[in-house]
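# Per-entry structural report
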Amino acid sequence: MTARIIGTGRAVPAEIITNDDLSRIVETNDEWISSRTGIRQRRIAKEETTAGLAAEAARKALEQSGKAPEEIQLVIVATCSSDYFFPNTACLVAKELGIRHAAGFDLSAACTGFLYAMNTAQAYMAAGMYENALIIGVETISKLVDWKDRSTCVLFGDGAGAAVLEAADTGFIGMVQHSDGEKADVLTCRTREMNNLLVSGDPALDYIKMEGQEVFKFAVKKVPECVEELLEKTGVSKEEIRYYILHQANSRIISSVAKRLKVEEDRFPMNVNLYGNTSAASIPILLDEMNRDGKLQKGDKLLLSGFGAGLTWGAALVEW
Ligand code: ACO
């Protein structure tokens, strides 16, 4: 038994912030941002919350899947920007949608989070433990961004994407997932300092810090490697893949991966220009756009690949 995607959805905040808007708060410009990253605008949450965006994306995915909320057995939310330390976002989504009997937990693997969540859900189904799952990638990462740091604040955006999986004989073909804690320092965002009866810490929260070039080098090396690893493991050739749906961090990373794999770039769809890097949400947002635009045909083989803080990375091969 494996799992099949039977519905997708997405939700993004209403407010659009362009590169020109950012040039009024930090020393930057549209030319620098778009030529280095491909990003032209992003959505930033104002009224929207992590759980609210997640629930909206999930509601659309459920509607498309034809599943009623009370049928859902498992909810996994991938996020590193939840509204609360607890309860988890999965329970808040369940509350909002009327999902009453599902197991629900959040999973943290930064920009690789949705991929880890999908792999986890399908493993539960392959083990026969659940018949369906709602998986969500969501971020209001704008609250973790230092809006005075031009080297990071131009890169990120908020949003959510969701998918409903159902146990089936075909659908999920295979996956690989990896991490390397040795490189943990190149992309970080600390939580609270220790502050208790024994330690008097600084209660100030920290913001995202990134060694951009290290992350770039990591991504353009590890993504092609894990794609090749997955293709070899599943016996599927590069030519059989209809689309390579990569984490949308940066168009130069995606172009470089296409080049290294020697695959035409038009099989690497992109929407980073519209949303920036939405971390765990980027893959399911793009998947939903393609689905609703009618770009995916039954039987298409899709290779999804994510990479991010941890460092974490991985890939999954699914048949639509
Ligand atoms: N506007 C104008 N100038 C800027 C900006 C900005 N927003 N940010 C940095 N600069 C300046 C720097 O200060 C530097 O100036 P200097 O030469 O006078 O010191 C110059 O531009 C070059 O800076 P670099 O950091 O070397 O720029 P680089 O060409 O490496 O591009 C970038 C930076 C776009 C972040 C690149 O490293 C990159 O794409 N990294 C990948 C990281 C990524 O996408 N992370 C996303 C999050 S992680 C993830 O999703 C996995």
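Predicted, not measured: the structure shown is a model, and the values here were computed from it.

Calculation notes
- Residues numbered from 1 in each chain as written.
- Predicted model: local features only at pLDDT ≥ 70, side-chain atom pairs only at ≥ 80, totals over all residues.
- Heavy atoms only, no water.
- Helix = DSSP H or I, 4+ residues; strand = E, 2+ residues; numbered from the N terminus.
- Rg over C-alpha atoms; globule rule 2.2 N^0.38 Å.
- Buried < 20%, exposed > 50% of the residue type's maximum accessible area, 1.4 Å probe, protein only.
- Contact = heavy atoms within 4.5 Å.
- Areas by Shrake-Rupley, 256 points an atom, 1.4 Å probe, with all protein chains shown as cover.
- Lys, Arg positive; Asp, Glu negative; His and termini not counted.
- Charge placed at Lys NZ, Arg CZ, Asp CG, Glu CD.
- UniProt positions renumbered as here; feature names shortened; annotations may be inferred.
- Phe/Tyr/Trp six-rings, centres within 6.5 Å; stacked < 30°, edge-to-face > 60°.
- Core = buried A, V, L, I, M, F, W, Y, C linked by side-chain atoms within 4.5 Å.
- Pairing = 2+ DSSP bridges.
- Axes fitted to C-alpha atoms, helices over the stretch in contact; angles between N-to-C directions.
- Polar contact = N/O pair within 3.5 Å; in protein donor to acceptor, adjacent residues only side chain to side chain.
- Near = heavy atom within 4 Å.
- Nonpolar A, V, L, I, M, F, W, Y, C, P; charged D, E, K, R; others polar.
- Patch = residues over 30% accessible without salt bridge, like charges linked within 9 Å, V, L, I, M, F, W, Y side chains within 5 Å.
- Salt bridge = Lys/Arg side-chain N within 4 Å of Asp/Glu carboxyl O.

### As for the overall build of the chain
A count of helical and extended segments in the chain gives 10 helices and 13 strands. Relative to the compact-globule value of 20 Å for 320 residues, the chain shows a C-alpha radius of gyration of 19 Å, a close match. The burial tally for the chain puts 52% of its 320 residues in the buried class. The long-range fraction of contacts in the chain, counting pairs at least 24 apart against all pairs at least 6 apart in sequence, stands at 77%. A total of about 14,400 Å² of accessible surface is found on the chain, and carbon and sulfur atoms cover 49% of it. Side chains of the chain carry 35 positive and 44 negative charges; the gap between the two charge centres is 2 Å.

### A short note on the UniProt feature "domain: Beta-ketoacyl-[acyl-carrier-protein] synthase III N-terminal" (unreviewed entry) in the chain
Under the feature "domain: Beta-ketoacyl-[acyl-carrier-protein] synthase III N-terminal" (unreviewed entry), the UniProt entry names residues 105-181. A distance of 23 Å separates the end C-alpha atoms of residues 105-181, which is 23% helix and 38% strand.

### Thoughts on the packing of aromatic side chains
Across all of its chains, the model carries three aromatic pairs by this definition. With 5.6 Å between their ring centres and 75° between their planes, phenylalanine 218 and tryptophan 313 make a pair best called edge-to-face. You can see phenylalanine 218 sitting in helix H7 (residues 212-234) and its partner tryptophan 313 sitting in strand S13 (residues 312-319), a full 95 residues away along the chain.

### A few points about the nonpolar core
In globular proteins that are soluble, nonpolar side chains generally tend to be buried together. Among the nonpolar cores identified, the biggest contains 45 residues, and Tyr244, Phe268, Leu303 and Phe307 are the most heavily contacted of them. Elements represented by at least two residues in this core include exactly H7, strand S11 (241-246), helix H8 (251-261), strand S12 (301-308) and S13. By residue number, the principal contributor to this core is H7, which donates nine residues. Among residues more than four places away in sequence, those in contact with tyrosine 244 are Val227, Leu231, Lys238, Leu261, Val263, Arg267, Phe268, Pro269 and Leu303. By size, the runner-up hydrophobic cluster in this structure holds 32 residues, among which are Phe114, Met118, Leu165 and Met290.

### Focus on the sheet that holds strand S8 (residues 172-179)
Ordered in space as S8-S13-S12-S11, the four strands form an open sheet in which the pairing is mixed. If you trace the sheet from one side to the other, it starts and ends with S8 and S11, each paired once. Adjacent strand axes in the sheet meet at a mean angle of 10° when their direction is disregarded. Sheet analysis places S12 next to S13, joined by eight bridges and oriented antiparallel. In the strand pairing of S13, phenylalanine 307 is matched with tryptophan 313.

### Here we look at the environment of serine 251
Along the chain, the position of serine 251 falls in helix H8. Each C-alpha atom, one on serine 251 and one on asparagine 273, is 8.2 Å from the other, the two residues being 22 residues apart in sequence. Ignoring anything within four residues of it in the chain, the contact list for serine 251 reads Thr37, Gly38, Met270 and Val272. Here glycine 38 takes part through its backbone nitrogen, which lies 3.5 Å from a polar atom of the side chain of serine 251.

### Some words on the sheet that holds strand S1 (residues 2-11)
Spatial ordering of the open sheet is given by S1-S7-S6-S4-S5, a layout of five strands whose pairing is mixed. The outermost strands of the open sheet, each flanked by one partner alone, are S1 and strand S5 (103-107). Direction aside, neighbouring strands of the sheet carry axes that sit 20° apart on average. Where strand S4 (residues 74-78) lies against S5, five bridges are found, and the strand directions are parallel. Across the sheet, the residue bridging to leucine 74 is alanine 103, located in S5. Contacts from helix H3 (residues 50-65) reach S1, strand S6 (132-139) and strand S7 (159-168) within the one sheet, and its direction differs from that of S1 by about 125°.

### A few points about the site of the ligand
Lining the immediate environment of the ligand, one finds 23 residues, of which Thr28, Gln213, His247, Asn250 and Asn277 sit closest. Between tryptophan 32 and the ligand, the recorded distance is 3.3 Å, taken from a side-chain N or O atom to a nitrogen atom. Here an oxygen atom of the ligand and a side-chain polar atom of asparagine 250 are 2.5 Å apart. For the ligand, the accessible surface in isolation is 1,000 Å², of which the surrounding protein chains cover 74%. At the level of secondary structure, the elements contributing two or more residues to the shell around the ligand comprise helix H2 (30-37), helix H6 (150-153), H7 and S12. Element by element, the count of residues in the shell around the ligand is highest for H7, at four residues. When the residues that make up the shell around the ligand are grouped by side-chain class, the tally is 10 nonpolar, nine polar and four charged.

### Quick look at helix H10 (residues 282-292)
Along H10, 10 of the 11 residues are buried, which leaves the element largely enclosed by surrounding structure. Within the span of H10, buried status applies to Ser282, Ile283, Pro284, Ile285, Leu286, Leu287, Asp288, Glu289, Met290 and Asn291.

### A short note on a nonpolar patch on the surface
Where nonpolar side chains cluster on the molecular surface, the patch consists of Met194, Leu197, Leu198 and Val199 and spans about 500 Å² of accessible area. With respect to the helices and strands, the residue leucine 197 is situated in the loop between strand S9 (187-188) and strand S10 (209-210).

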